[in-house]
There are 2 protein chains.
Amino acid sequence: MTTRHPKHATPDQPILEPIAARWSPYAYDATRTLEPEKLRICLEALRWAASSYNEQPWSYLIARREDEAAFKTMLGCLWEGNQVWAQNASVLMISVVQRAFKLNGKPNRVAEHDLGLAAGNLVIQAAAIGVDVHQMAGVDLGKAKQTYAIPDGYDAHTAIALGYAAPLEAITDPKLRTGEETPRTRKKVEEFMFAGKWGQRASL
Amino acid sequence: MTTRHPKHATPDQPILEPIAARWSPYAYDATRTLEPEKLRICLEALRWAASSYNEQPWSYLIARREDEAAFKTMLGCLWEGNQVWAQNASVLMISVVQRAFKLNGKPNRVAEHDLGLAAGNLVIQAAAIGVDVHQMAGVDLGKAKQTYAIPDGYDAHTAIALGYAAPLEAITDPKLRTGEETPRTRKKVEEFMFAGKWGQRASL
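Before going further, it helps to spend a moment on the relation of the copies chain B and chain A. At an RMSD of 0.0 Å, chain B and chain A line up after a rotation of 180 degrees and a shift of 0.0 Å along the axis. On the angle and the small slide along the axis, the relation comes out as a two-fold axis.

Set out below in structure tokens:
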């Protein structure tokens, strides 16, 4: 873990440091490369996520910035607003969800949820070793499917940028810098934990 | 973290201990109660998960075993196969996903995925403080919606059991014990990381 960043949460309970520390940069440091050994650690953590019937309904396309053509191709699958900042990340990934159970071909109702579990492992592990991750829903799903020949029964779902956030003092655009310095906020636990019926606050 | 359990992963990379250690018990220790302070830590970790546009599309119904009627009601929303073991957990939760963005009412395509991110934070935090979590897709969604008056635009999605796994030596059913001792398995990272096009292994 690096020194405290204004994006690090100030949690109400003593939670794991990487869970409190993770945040999603818009200003990546284009001069830094994600070390292959760190990437492998992040992917190993992802691998061990739970999933319904241990189906592991996740696959990924990956491209590194140093592979210029491959990186440009993947960048082109993101919405334009994401391309602006994601071009400075070191590694891009497009997550792919498998729609049906391999065993019986029935729809896997929680496949997208379980893809989220895998992504959760990745981002927490990344934070633990100082790697900054920004996930995106803004992906041109049809373009990704065509570009990578993703077969029937599988769909692109999100994109993930990995790398290193730019140091705050190196961000010259004042609006961007303000965004990167603004503390993260969340609903309080009490606002989304109910007991007995919807909307009735749980006594915790 | 407690002593090494046969369910703890033997990862190929030095990943975070709670990510390697977490597993989903079928044999909970019905004599143990999840301490409220530990539950609060788990929920605080959940709270800080990432989500698209920081929408936080998650809510939960919760019931503790000591609140007998409430616990029985929630247990009755699980599929029968899950009731058998989940009745010995200390706390049950039903996760609820919000379908549309609050800001503009448009469908949130990644709401289920982001619910998975929240659950991922919960399970990793739980593992870090020795709490055992088992998530379930086997929920009677219609019954949960009716039982808890979950409004339009929100749907029950999964259930989560929290508590403490029974010590292996206390499990008398040989089949159950074998299950609780069998190491977890996962696909290798190389099997689901592609580059350039679908099915083409990435060089990592």
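Let's pick the thread back up.
Residues and elements named next belong to chain B. Of all the 8 residues making up strand β2 (residues 91–98), 8 are buried; the element is thus mostly covered by neighbouring parts of the structure. Across 7 bridges, the pairing between strand β1 (residues 58–64) and β2 is antiparallel. By the bridge assignment, tyrosine 60 is partnered in β2 with serine 95. Two strands pair when backbone bridges link them, and β2 and strand β4 (residues 154–163) are joined in this way by 8 bridges, in the antiparallel orientation. Considered in β4, the bridge of leucine 92 is made with alanine 161.

What follows concerns the packing of helix α5 (residues 111–128) of chain A against helix α5 (residues 111–128) of chain B. Packing of α5(A) against α5(B) brings their axes to within 6 Å, and their N-to-C directions diverge by 50 degrees. Compared by their axis directions, α5(A) and α5(B) come out oblique. Remark: the crossing between α5(A) and α5(B) carries right-handed chirality. Along the contact surface, α5(A) presents A:Glu112, A:His113, A:Asp114, A:Leu115, A:Gly116, A:Leu117, A:Ala119, A:Gly120, A:Asn121 and A:Ile124, while α5(B) presents B:Glu112, B:His113, B:Asp114, B:Leu115, B:Gly116, B:Leu117, B:Ala119, B:Gly120, B:Asn121 and B:Ile124. Counted by class, the contact of α5(A) with α5(B) contains 8 nonpolar, 8 polar and 4 charged residues.

Right, let's get into unusual backbone geometry. As a rule of thumb, non-glycine residues mostly have phi less than zero, and peptide bonds are mostly trans rather than cis. At A:Tyr53, a position not held by glycine, the phi torsion is positive, near 55 degrees. Relative to the helices and strands, A:Tyr53 resides in the loop between α2 (36–47) and β1 (58–64).

Bringing the nonpolar core into the picture now. A:Cys42, A:Tyr60, A:Ile94, B:Cys42, B:Tyr60 and B:Ile94 are the most contacted members of the largest nonpolar core, which totals 132 residues. Excluding residues that lie within four positions of it along the chain, A:Ile94 makes contacts with A:Tyr60, A:Leu61, A:Met74, A:Cys77, A:Val139, A:Ala144, A:Ala156 and A:Ala159.

Strand order in this open sheet of 5 strands is β3(A)-β4(A)-β2(A)-β1(A)-β5(B), and the pairing throughout is mixed. Where the open sheet ends on each side, the last strands, each with one partner, are β3 (132–136) of chain A together with β5 (193–194) of chain B. Its contacts with the sheet place helix α3 (residues 68–75) of chain A against β1 and β2 (91–98) of chain A, and it is angled at close to 125 degrees to β1(A).

Taking strand neighbours across the sheet as the criterion, the 5 strands line up as β5(A)-β1(B)-β2(B)-β4(B)-β3(B) in an open arrangement whose pairing is mixed. Only two strands of the sheet have a single neighbouring strand rather than two, namely β5 (193–194) of chain A together with β3 (132–136) of chain B. Pairing of β5(A) with β1(B) involves 2 bridges; the strand directions are parallel. In the sheet register, A:Phe194 faces β1(B), and the bridge partner there is B:Leu61. Contacts from helix α3 (residues 68–75) of chain B reach β1 and β2 of chain B within the one sheet, and its direction differs from that of β1(B) by about 125 degrees.

Interfaces are often described in size by the accessible area the parts lose on coming together. In this complex, chain B contributes 65 residues to the contact, which on the side of chain A involves 65 residues. Among the elements of the structure, α1 (17–21), α2 (36–47), β1, α5, β4 and β5 of chain B are those that each provide at least two residues to the side of chain B that touches chain A. For the side of chain B that touches chain A, the element with the highest residue contribution is α5(B), accounting for 13 residues. Tallied by class, residues from the side of chain B that touches chain A come to 41 nonpolar, 14 polar and 10 charged.

This part takes up the confidence of the model for chain A. Considering every residue of chain A, the mean pLDDT works out to 96; 99% of them sit at 70 or more. Reported confidences for the modelled complex are a pTM of 0.97 and an ipTM of 0.97.

Moving on: the environment of A:Lys197. Structurally, A:Lys197 can be placed in the segment after β5. Apart from the residues within four sequence positions on either side, A:Lys197 is in contact with B:Tyr148 and B:Ala149.

Thresholds, definitions, all that
Residues numbered from 1 in each chain as written. Chains lettered and ligands numbered in written order. Predicted model: local features only at pLDDT ≥ 70, side-chain atom pairs only at ≥ 80, totals over all residues. Least-squares fit on C-alpha atoms with pLDDT ≥ 70 in both. Buried ≥ 20, exposed ≤ 12 C-beta atoms within 10 Å, placed from the backbone. Helix = DSSP H or I, 4+ residues; strand = E, 2+ residues; numbered from the N terminus. Pairing = 2+ DSSP bridges. Axes fitted to C-alpha atoms, helices over the stretch in contact; angles between N-to-C directions. Parallel < 35°, antiparallel > 145°, perpendicular 65-115°, else oblique. Left-handed = near helix turned anticlockwise from the far one by under 90°. Contact = placed C-beta atoms within 7 Å. Nonpolar A, V, L, I, M, F, W, Y, C, P; charged D, E, K, R; others polar. Core = buried A, V, L, I, M, F, W, Y, C linked by C-beta atoms within 7 Å. pLDDT = per-residue confidence, 0-100.

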